[in-house]
Each structure stands twice: as structure tokens, then as C-alpha cells.
Amino acid sequence: MASQLSAGFGSSRSRSKGISSPAKLVCYHNEFAPLRTVRYDGPTKGKRFYGCSYWCEQKTCGFFKWADEVDDVRDLQQIVIEKEETISELEHQVDMLKQEQELMRDKVKKLKAKKEKLFEEVEEMGIATTETMFELKENNSEKRLMLTLVFSWAFFTLVLMLK
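Residues numbered from 1 in each chain as written. Predicted model: local features only at pLDDT ≥ 70, side-chain atom pairs only at ≥ 80, totals over all residues. Heavy atoms only, no water.

The chain has the name GRF-type domain-containing protein in an unreviewed UniProt entry, where Chenopodium quinoa is given as its organism.

Colleague: What am I meant to see in the pairing of strand S5 (residues 48-51) here?
Modeller: Sheet analysis places strand S4 (residues 35-37) next to S5, joined by three bridges and oriented antiparallel. If you follow Arg 36 over to S5, its bridge partner there is Phe 49. Examined bridge by bridge, S5 and strand S6 (residues 64-66) share three bridges and lie antiparallel to one another. When the sheet's bridge partners are listed, Tyr 50 is paired in S6 with Lys 65. (Pairing = 2+ DSSP bridges. Helix = DSSP H or I, 4+ residues; strand = E, 2+ residues; numbered from the N terminus.)

Colleague: Honestly, the packing of aromatic side chains in this entry has me stumped. Any pointers?
Modeller: The description of an aromatic ring pair rests on the distance of the ring centres and on the angle between the ring planes. Tallying each qualifying case throughout the model produces one aromatic pair. Look at Phe 49 and Trp 66: their rings are 6.2 Å apart centre to centre, the planes differ by 80 degrees, and that puts the pair in the edge-to-face class. With a gap of 17 residues between them, Phe 49 in strand S5 and Trp 66 in strand S6 connect regions that are remote in the sequence. The residues Phe 49 and Trp 66 share a single accessibility class, namely buried. (Phe/Tyr/Trp six-rings, centres within 6.5 Å; stacked < 30°, edge-to-face > 60°. Buried < 20%, exposed > 50% of the residue type's maximum accessible area, 1.4 Å probe, protein only.)

Colleague: Honestly, the UniProt feature "transmembrane region" (unreviewed entry) in the chain in this entry has me stumped. Any pointers?
Modeller: UniProt's feature table lists "transmembrane region" (unreviewed entry) at residues 145-162, given in the numbering used throughout. Overall, residues 145-162 shows 100% helix and 0% strand. The separation of its end C-alpha atoms is 25 Å. (UniProt positions renumbered as here; feature names shortened; annotations may be inferred.)

Colleague: Is there a simple way to explain a negative patch on the surface in this structure?
Modeller: A surface patch of negative charge is lined by Glu 116, Glu 120, Glu 121, Glu 123 and Glu 124. Mapped onto the elements, Glu 124 comes out in helix H2 (residues 72-162). Accessibility expressed as a relative area gives 56% for Glu 124, which makes it exposed. (Patch = residues over 30% accessible without salt bridge, like charges linked within 9 Å, V, L, I, M, F, W, Y side chains within 5 Å. Areas by Shrake-Rupley, 256 points an atom, 1.4 Å probe, with all protein chains shown as cover. Salt bridge = Lys/Arg side-chain N within 4 Å of Asp/Glu carboxyl O. Lys, Arg positive; Asp, Glu negative; His and termini not counted. Charge placed at Lys NZ, Arg CZ, Asp CG, Glu CD.)

What follows is the structure, encoded as C-alpha cells:
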């Protein structure tokens, strides 16, 4: 209901007659509800009203308000209150998002530190693995030499026995 008021001036017809409306109203679907005048004969003939315009998307909108019942100040105050509530809610959301952002930054810092630590451990393991491979190669060549020496002595002994 409070969102039905919009700042502006009356229709061009009302301005040409010297009557201006302090505001334009919008219907339930945010379409302007122009200021109109009752034209048929009866007790309300000549009375002004805001009614949903014929171009409103919803044919069953049914927005209607007598012009003399429109309390612009009260409606504007209600709009201001609603806007302030919206601003307050948005500020609260911003604060919550900032807190969440700080938590995420802390998590990122912790993960980066963990990554660096793991990277250092992987480097140390690589160095240790390389050293182990060199030791295995050295031990492997010593074993071959020993086996070669043992076989050569066995071959030498066999040759001496056969002679």
C-alpha cells in the first residue's frame, strides 16, 4: 500500500485546468494509476479518483483510491520507514558478508601456510629419495664387485685344480 505513492505531478488534463495533484499513485503492479474524474450522473459525479490504468498488465488489478482520501504525508512517511528498514537490512547483510569475508581470508592464509609446509616436506622427501637412490647404486656396485671377486677366486681355484 505504501509503495503506491510516487513523486510527480498530476496529469496534463488536470494541469490544463489549473488543478494539480501532489503525487501520482501506482497500482499493485507498479503501473501508474492516473487521476480521473467520475463522469456519470450520480452522487459522486465530478469526484476525483486514482484508478488502475487500462494498460496495466493485470486486468483484474482493481486498484482504486479516492483522491481526497490520499494522505500524501502519511504515505510518504510509510515509504521512508520501509526504505530505512530495507537499508538497515542491507547494512546488516553487508556486515555479515564482511565477517564471512574475513573468515575466508583467514582460511586462505591457513591453507597457504599449509601448502608451503607441504611443499617443503615434499622437497625434503625428494632430496632424501635421491640420496637413497645414490646409496642403493653405490651398494649395488659394491655387491657386484664382491660377487665378481668371489667368482674370480672360485674360477682361479677351479683352474688350479684342473691343472
